[in-house]
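# Residue-level structural notes
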Amino acid sequence: MAKFELKLPKMGESVAEATITSWLKEVGDSIEMDDPILEIATDKVDSEVPSEVDGVIVERFFDVDDVVQVGQVLAIIETEGDSVSDQDTNEDDAPVEISEDQEKAVEEITQSITSVQESVNPIVSSDNKFYSPLVRNIAKAENISQSELDAIVGTGSEGRVTKNDILDYIKNKDSKPVEEKPVVQAPVAAQSKPAAKAIPKVASVISSGEDEIIEMTRMGKLVANHMTDSLQTSAHVQSFIEADVTNVWNWRKKVKDNFMKQEGENLTFTPIFMEVIAKALRDYPMMNISVKGDTIIKKKNINLGMAAALPDGNLIVPVIKNADQLNLVGMTKQVNDLANRARENKLKPDEVQDGTYTVTNVGSFGSIMGTPIINQPQVGILALGAIRKVPAVIETPEGDFIGIRYKMFLSHSYDHRVVNGALGGMFVKAVKDYLEAWDVNRVL
């Protein structure tokens with residue numbers, strides 16, 4: 001029997017660790033390739049880790065809420081076949097002479113491996129709080145004492161301090177110093193006892209027999225903090241415009257059945273809107289920027305974020321990379337794929353970052369308009385209102401008359417620190433003009 005090491009896979013350039021939220025398989029369970037083994041959470045997204053082989057789980061190395069580094073072994077899976085050590089055995093195992101330079105190189109490599117192994121383990125404070133190596137390294141670089149670190153209120157799982165928590169603390173340290181907690185030395189007898197395992201927090205509690213107190217989920221806390229930070233960072237201004245989308249409505253109705261037959265995809269309004277917004281961003285590149293300190297970063301790529309509501313009520317924003325380079329078929333496939341995997345918690349961390357502009361469809365819940373909050377560090381977000389059939393004045397060479405049209409409101413929130421009213425208004429008007437000029441004879 002061979003043994004396979006299931007490791008935490010690489011999840012993106014900026015993701016170095018993840019928190020285990022639940023084990024889906026127990027020791028002794030038989031599994032098949034691609035079966036989900038456990039669920040993990042990062043600062044960006046929750047996802048599953050699938051098995052890479054068929055076999056039986058014989059060992060697990062971490063518990064729920066443990067922080068794991070990319071590349072660390074999560075579990076051992078026993079598979080059919082010879083073990084690696086048996087396969088590597090051969091008749092040429094004669095001792096090999098090693099030079100002094102080679103011995104010195106081996107010693108240096110061994111020391112490097114030892115230091116890395118020491119750095120990847122989660123660090124425990126005096127009051128049994130866990131800190132990831134990233135958080136610990138930031139604290140060390142900024143000369144933050146242990147008592148200061150213990151006093152920071154964490155937004156991660158079980159109150160764990162995340163990278164954003166410590167960076168926010170450093171940012172506000174001078175104006176809002178955190179009161180240091182005195183370090184209390186435990187008695188010698190108590191120190192010799194093993195630390196008690198943390199008791200999981202209760203998700204909801206009934207108070208006074210009437211009110212229910214519900215603890216926010218990890219993702220809910222992240223979203224709440226992100227929204228609050230955005231309001232404190234950007235000077236939000238809104239522009240509203242109404243667009244006549246009768247041509248879009250009629251064209252989609254005409255082609256959607258053939259589109260399904262040809263491409264096997266449901267053609268919704270979302271990819272149509274995404275295509276139009278990408279064109280408008282190409283016309284107004286100063287909407288496709290971000291702010292960093294006192295500088296403006298003009299983005300080369302147009303990466304559209306697509307806000308999606310999850311079944312548990314939380315929000316996630318998968319990103320369509322290089323959206324302006326996709327045709328409508330490619331855009332539809334991207335939109336449907338990301339939306340489906342968002343609902344199933346199967347998005348990868350890379351798929352929810354590097355967005356340059358965000359779109360949210362408030363009309364899917366019946367709202368005719370909204371005032372969305374900017375997704376930092378972007379400078380704009382567009383809310384799509386519900387499409388309504390309304391009476392409207394139609395201008396013709398023969399005169400004006402009242403007719404039935406399909407219309408919707410576009411709500412554009414933008415950062416008034418760097419986007420003035422003229423640019424914000426012209427951009428959303430460009431989106432309106434593209435929608436109203438939609439070619440009803442367009443061929444797929």
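Residues numbered from 1 in each chain as written. Predicted model: local features only at pLDDT ≥ 70, side-chain atom pairs only at ≥ 80, totals over all residues. Heavy atoms only, no water.

## Some words on helix α5 (residues 163-171)
- For α5, the full list of buried residues reads Asp-165, Ile-166 and Tyr-169. For α5, the buried positions fall inside an angular range of 90 degrees around the axis, keeping them on one side. (Buried < 20%, exposed > 50% of the residue type's maximum accessible area, 1.4 Å probe, protein only. Helix = DSSP H or I, 4+ residues; strand = E, 2+ residues; numbered from the N terminus. Arc of directions from axis to C-beta.)

## So, the environment of Leu-310
- Of note, Leu-310 is situated in the loop between β17 (308-309) and β18 (315-316).
- Along the sequence, Leu-310 and Ala-342 sit 32 residues apart, while their C-alpha atoms lie 7.1 Å from each other.
- If we skip the residues at most four places from it in the chain, Leu-310 touches Met-219, Ile-316, Ala-342, Arg-343 and Asn-345. (Contact = heavy atoms within 4.5 Å.)

## A look at the confidence of the model for the protein
- Taken as a whole, the protein shows an average pLDDT of 81; of its residues, 78% reach a score of 70 or greater.
- Predicted confidence in the protein is weakest over helix α6 (residues 188-191), with a mean pLDDT of 35, and strongest over helix α11 (residues 421-436), with 98.
- Low pLDDT (under 50) marks residues 113-123, which in the prediction has 13 contacts with non-local residues, meaning those over four places away or in another chain.
- Confidence over residues 176-203 falls short of pLDDT 50; this stretch has 26 contacts with residues more than four positions distant or in other chains. (pLDDT = per-residue confidence, 0-100.)

## With respect to the packing of aromatic side chains
- Applying the stated rule across the entire model yields five aromatic pairs.
- Both rings, one in Trp-249 and one in Phe-269, keep their centres 5.5 Å apart while their planes meet at 25 degrees; by these two values the pair is stacked. Taken as a pair, Trp-249 in helix α8 (residues 246-263) and Phe-269 in helix α9 (residues 269-283) lie far apart in primary sequence, 20 residues in all.
- Between Trp-249 and Tyr-406, the aromatic rings sit 4.1 Å apart at their centres with planes inclined by 10 degrees, giving stacked as the arrangement. Of this pair, Trp-249 sits in helix α8 while Tyr-406 sits in strand β23 (residues 399-415), and the two are 157 residues apart along the sequence.
- Judged by its relative accessible area of 17%, Tyr-406 falls in the buried class.
- Within the aromatic cluster, the residues linked to one another by ring pairs are Trp-249, Phe-269, Phe-273 and Tyr-406. (Phe/Tyr/Trp six-rings, centres within 6.5 Å; stacked < 30°, edge-to-face > 60°.)

## Some details on α11
- Helix length check: α11, at 16 residues, gives a terminal C-alpha distance of 22 Å against a target of 22 Å (1.5 Å per residue), a fit within 8%.
- Turning to α11, its buried residues number three or more, namely Leu-423, Gly-424, Phe-427, Val-428, Ala-430, Val-431, Lys-432 and Leu-435. (Expected span 1.5 Å × (residues − 1).)

## Section: the sheet that holds strand β6 (residues 55-60)
- Spatial ordering of the open sheet is given by β1-β8-β6-β3, a layout of four strands whose pairing is antiparallel. At either end of the open sheet lies a strand with only one pairing partner, and these are β1 (2-7) and β3 (30-31).
- Relative to β6, β3 is paired through two bridges, and the arrangement is antiparallel. Bridge pairing links Ser-30 to Val-56 in β6. (Pairing = 2+ DSSP bridges.)

## Details of the nonpolar core
- Counting residues in hydrophobic clusters, the biggest one holds 56 residues, and the most contacted among them are Ile-277, Met-287, Leu-304, Tyr-357, Leu-410, Val-431 and Leu-435.
- When residues in this core are grouped by element, the largest group, nine residues, is from α9. (Core = buried A, V, L, I, M, F, W, Y, C linked by side-chain atoms within 4.5 Å.)

## With respect to the packing of α9 against α11
- Closest axis-to-axis distance for the α9/α11 pair is 9 Å, and the angle between their directions is 130 degrees. Classified by the angle their axes make, α9 and α11 are oblique. For the pair α9 and α11, the crossing hand works out as right-handed. Facing α9, whose interface residues are Phe-273, Val-276, Ile-277, Lys-279, Ala-280, Leu-281 and Asp-283, α11 presents Phe-427, Ala-430, Val-431, Tyr-434 and Leu-435.
- Its residues assigned to classes, the contact of α9 with α11 shows ten nonpolar, no polar and two charged. (Axes fitted to C-alpha atoms, helices over the stretch in contact; angles between N-to-C directions. Parallel < 35°, antiparallel > 145°, perpendicular 65-115°, else oblique. Left-handed = near helix turned anticlockwise from the far one by under 90°. Nonpolar A, V, L, I, M, F, W, Y, C, P; charged D, E, K, R; others polar.)

## Overview of the side chain of Thr-332
- Among the secondary structure elements, Thr-332 is positioned in helix α10 (residues 328-343).
- When near neighbours in sequence (up to four residues on either side) are disregarded, Thr-332 contacts Phe-259, Glu-265, Asn-266, Leu-267 and Pro-271.

## Examining the sheet that holds strand β7 (residues 67-69)
- The strand order across the open sheet formed by four strands is β5-β4-β2-β7, and the pairing between neighbours is antiparallel. Each edge of the open sheet carries a strand with a single partner, namely β5 (46-50) and β7. The mean inter-strand angle of the sheet, taken between neighbouring strand axes irrespective of direction, is 45 degrees.
- One ladder, built from four bridges, connects strand β2 (residues 17-23) with strand β4 (residues 36-41); its direction is antiparallel. Residue pairing across strands places Ser-22 opposite Glu-39, the latter belonging to β4.

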